[in-house]
Amino acid sequence: MSAVTESGVIEAVNKELLIGGKWTPATDGRTFGVHDPATGAVLCEVADASPADGLAALDAAVAAQADWAAHPPRERGEILRRGYEALMARQEELALLMTLEMGKPLAEARGEIAYAAEFFRWFAEEAVRIDGGYAVAPNGSGRFLVAKQPVGPSLLITPWNFPMAMGTRKIGPAVAAGCTMVIKPAAQTPLSMLALAEILREAGLPDGVLNVVTTKSAGTVMEPLIRDGRSRKLSFTGSTEVGRRLLEQCAGTVLRTSMELGGNAPFLVFDDADLDAAIEGAMQAKMRNIGEACTAANRFYVQRGVADEFARRLTERMSALPIGRGTEDGVVVGPLIDEAAVEKVSSLVADAAQRGARVLTGGATVDGPGHFYQPTVLTGVPADARMTSEEIFGPVAPISVFDTEEEAVAAANDTEYGLVSYVYTSELKRALRVCERLETGMIGLNQGIVSNPAAPFGGVKQSGLGREGGTVGIEEFLETKYIAVSL
Ligand code: NAP
């Protein structure tokens with residue numbers, strides 16, 4: 001990529017399927033359109049893979065597996081390191097490409113490119129730290145050897161909300177571990193992944209290690225791959241609803257799975273919290289990615305003593321946010337991904353208002369073109385409002401008041417999800433007590449963002465299985481082999 005212009009960055013992306021190291025058109029030359037959510041305009045057409053194309057991609061991954069597993073870990077790490085450097089060198093072009101297909105403001109897109117690149121840097125370092133073991137058996141006469149080996153050909157499915165980082169968070173550990181892959185990015189945002197695939201080719205990733213399949217028919221293309229006995233792993237990031245369906249499909253071949261699913265994050269603010277920090281954290285936890293994040297604060301529970309002030313200050317901040325196309329200077333709130341997302345947010349707000357919630361700011365769509373919704377704050381949101389149990393995935397902050405710690409923890413845990421929660425308090429004993437009782441895989445303690453490539457990201461309950469990032473991230477792509485040795 002060279003020119004940092006809208007047409008230049010779109011033009012520079014290869015829009016075919018990457019199979020066995022070759023850019024290949026889909027069966028019958030079929031394509032589908034990628035849209036700019038800020039205008040609704042078609043940006044370009046990309047290849048629309050058929051089930052046969054999907055199987056060809058799996059064939060390529062299977063064929064490349066043995067050689068790739070035998071590749072020196074240092075070389076695998078160095079490919080990732082070059083990938084990291086290329087992503088950072090091209091941050092500006094890649095950020096613009098992401099903003100065009102996904103809608104997030106440019107500043108956030110730049111942030112995502114850096115976050116995405118960091119997974120490559122982290123796993124470049126992890127590739128050479130895959131350990132094993134040697135132990136004396138308890139009876140003294142035998143020995144145990146323990147080796148870690150790549151799981152094998154892996155299927156990776158990613159969502160549209162973080163088009164680059166959700167890819168590198170899987171590709172990084174898979175490359176480091178020595179697995180080959182078929183990746184299917186979301187149909188709404190395939191361009192970032194196509195650009196990334198070319199970057200990895202240029203970084204020296206051998207043919208067939210990473211195969212990219214873009215398609216409008218995710219289910220029909222991916223199900224045969226999931227049910228194909230040659231696949232060894234499915235790593236999925238997306239909604240809990242789709243995740244459940246995929247887990248059923250995986251049962252057929254007892255496929256190993258990593259599932260990064262939906263969230264319904266509670267954000268607890270106690271009377272003793274530093275309110276400046278709580279407001280800052282609330283803005284980050286709510287508005288990062290226009291509220292379209294699995295980690296987005298979905299329910300604010302604020303203790304009575306500070307509830308009015310918290311609501312007033314949050315309303316002040318939310319109502320001042322500039323809305324617009326993510327490419328425009330100063331814009332903080334871009335469009336939602338599509339019209340269905342706007343309709344969902346609208347219906348959740350209408351439902352809460354009908355059940356007695358008060359709209360302090362926002363509460364309406366923005367005239368088109370594009371799929372915009374106003375930053376919104378609601379108070380007095382009752383426990384039976386739909387938005388307390390469903391992901392809002394938009395710029396809406398519902399506030400409810402609580403009196404006791406007991407009540408706050410019970411409300412926070414009253415959900416099938418368990419990805420992340422946020423706690424604001426200045427009292428150490430309370431902080432630890434509450435953190436221990438919250439049923440989530442991650443907690444932001446006096447902090448509104450938890451994502452970090454060096455930390456284990458993931459959820460409990462119906463938010464998922466497994467962890468991505470950190471020292472455990474690579475384990476998701478490794479099998480443990482035990483060799484019993486008789487002396
Ligand atoms: P989604 O509808 O579940 O889609 C996710 C991916 O799965 C997309 O690539 C989609 O393809 C594909 N897909 C859909 N149906 C499929 C099927 N039957 N078989 C195989 N693949 C299928 O989720 P989304 O709307 O893109 O993303 C938002 C969701 O992701 C939210 O629930 C969010 O919380 C969650 N998320 C979780 C994390 C985490 O780390 N826990 C991170 C980010 C997002 P198409 O695009 O073609 O439909």
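Predicted, not measured: the structure shown is a model, and the values here were computed from it. Throughout this description, residue numbers start from 1 for each chain and increase along the sequence as written. Totals for whole chains, interfaces and linings use all residues, but because this is a predicted model, local features are given only for residues with pLDDT of at least 70 and pairs of side-chain atoms are given and counted only at 80 or more. Processing note: side-chain calculations cover all non-hydrogen atoms of the structure and skip hydrogens and water entirely.

K.L.:
What is the right way to read the nonpolar core from this model?
P.N.:
Among soluble globular proteins, nonpolar side chains are generally buried collectively. Judged by nonpolar contacts, the single largest core of 118 residues is most densely connected at Ile171, Phe310, Leu314 and Met387. Among the elements that make up this core, the one with the highest residue count is helix α5 (residues 106-126) (11 residues). The source of the domain bounds is an automatic or database domain assignment. Composition of this core by domain shows at least three residues from each of domain 1 (6-262 + 464-486) and domain 2 (265-416 + 420-453). Discounting chain neighbours no more than four positions away, the residues touching leucine 314 are Ile279, Ala282, Met283, Val377, Ala397 and Ile399. Core analysis: the next-biggest nonpolar cluster, separate from the first, contains 24 residues, Ile19, Ala26, Val182 and Met222 among them. In plain words, nonpolar cores are sets of buried Ala, Val, Leu, Ile, Met, Phe, Trp, Tyr and Cys residues tied together by side-chain atoms within 4.5 Å. Exposure is judged per residue with a 1.4 Å probe applied to protein chains only, and the accessible area is read against the type maximum: over 50% gives exposed, under 20% gives buried, and values in between give partly exposed. Helix and strand assignments come from DSSP, with helices taken as H or I runs of at least 4 residues and strands as E runs of at least 2, each series counted from the N terminus. Residue contacts follow a heavy-atom distance rule, with two residues in contact if any of their heavy atoms lie within 4.5 Å.

K.L.:
Hey, could you run me through the sheet that holds strand β12 (residues 265-269) in this one?
P.N.:
Two pairing modes exist for strands in a sheet, parallel and antiparallel, and in both the strands are linked by backbone hydrogen bonds. Spatial ordering of the open sheet is given by β14-β15-β16-β13-β12-β17-β18, a layout of seven strands whose pairing is mixed. Because the sheet does not close on itself, it has two edges, and the strands there are β14 (358-361) and β18 (442-445). The mean angle between the axes of side-by-side strands here comes to 25°, regardless of whether they run parallel or antiparallel. Across three bridges, β12 lies against strand β17 (residues 420-424) in parallel orientation. What sits directly across from valine 269, in β17, is tyrosine 424. Together, β12, β13 (297-303) and β16 (396-402) form the strand contacts of helix α13 (residues 405-413), whose direction differs from that of β13 by roughly 170°. Strand pairing follows a simple DSSP-based rule, namely that at least 2 bridges must link the two strands. Note on method: axes are straight lines fitted to C-alpha atoms, helices fitted across the in-contact stretch only, with angles between N-to-C directions ranging 0 to 180 degrees.

K.L.:
I'm lost on empty space enclosed by the protein in this one. Help?
P.N.:
Gaps left between atoms are located by rolling a probe of water-molecule size over the structure's atoms. Both site types are read off a 1 Å grid over the protein atoms alone. A 1.4 Å probe that fits but cannot get out defines a cavity, while an open set with protein on both sides within 12 Å along at least five of seven lines defines a pocket; lining residues have an atom within 4 Å of a point. Grid points are joined across faces, edges and corners, and a volume is the space filled by probe spheres set on the points. The final tally for this structure, using the stated rule, is five cavities of 30 Å³ or more. The computed volume of the largest cavity comes to approximately 60 Å³. In terms of lining, the largest cavity is formed by 16 residues, of which the most central are Asn264, Pro266, Tyr417, Val420 and Thr440. Of all the secondary-structure elements, those providing two or more residues to the lining of the largest cavity are β12, α13 and β17. The classification used treats Ala, Val, Leu, Ile, Met, Phe, Trp, Tyr, Cys and Pro as nonpolar, Asp, Glu, Lys and Arg as charged, and all other residues, Gly among them, as polar. Counted by class, the lining of the largest cavity contains seven nonpolar, seven polar and two charged residues.

K.L.:
Explain the domain arrangement of the chain here, please?
P.N.:
In many analyses, interface size is given as the accessible surface area lost on bringing the parts together. The assigned domain composition of the chain is domain 1 (6-262 + 464-486) and domain 2 (265-416 + 420-453). A straight line from the C-alpha centre of domain 1 to that of domain 2 covers 31 Å. In this assembly, 30 residues from domain 1 lie in contact with 29 residues from domain 2. Roughly 2,200 Å² of surface becomes buried between domain 1 and domain 2 when both sides are summed, with 58% attributable to carbon and sulfur atoms. By definition, a salt bridge exists where a carboxyl oxygen of Asp or Glu is found within 4 Å of a side-chain nitrogen of Lys or Arg. Taken together, domain 1 and domain 2 are joined by three salt bridges. Close ionic contact of glutamate 6 with arginine 325 constitutes a salt bridge, the shortest N to O distance being 3.0 Å. Side-chain atoms alone can form a polar contact between residues adjacent in sequence; in general such a contact is a pair of N or O atoms within 3.5 Å, and within protein one must be able to donate a hydrogen while the other accepts it. On inspection of domain 1 and its partner domain 2, the count reaches 11 residue pairs in polar contact (both at pLDDT 80 or more). Take the side of domain 1 that touches domain 2: its biggest share by element is six residues, from α5. Here the side of domain 1 that touches domain 2 is composed, by residue class, of 13 nonpolar, nine polar and eight charged. Buried area is a sum: the accessible area each of two parts loses on coming together, probed at 1.4 Å, counted once for each and added.

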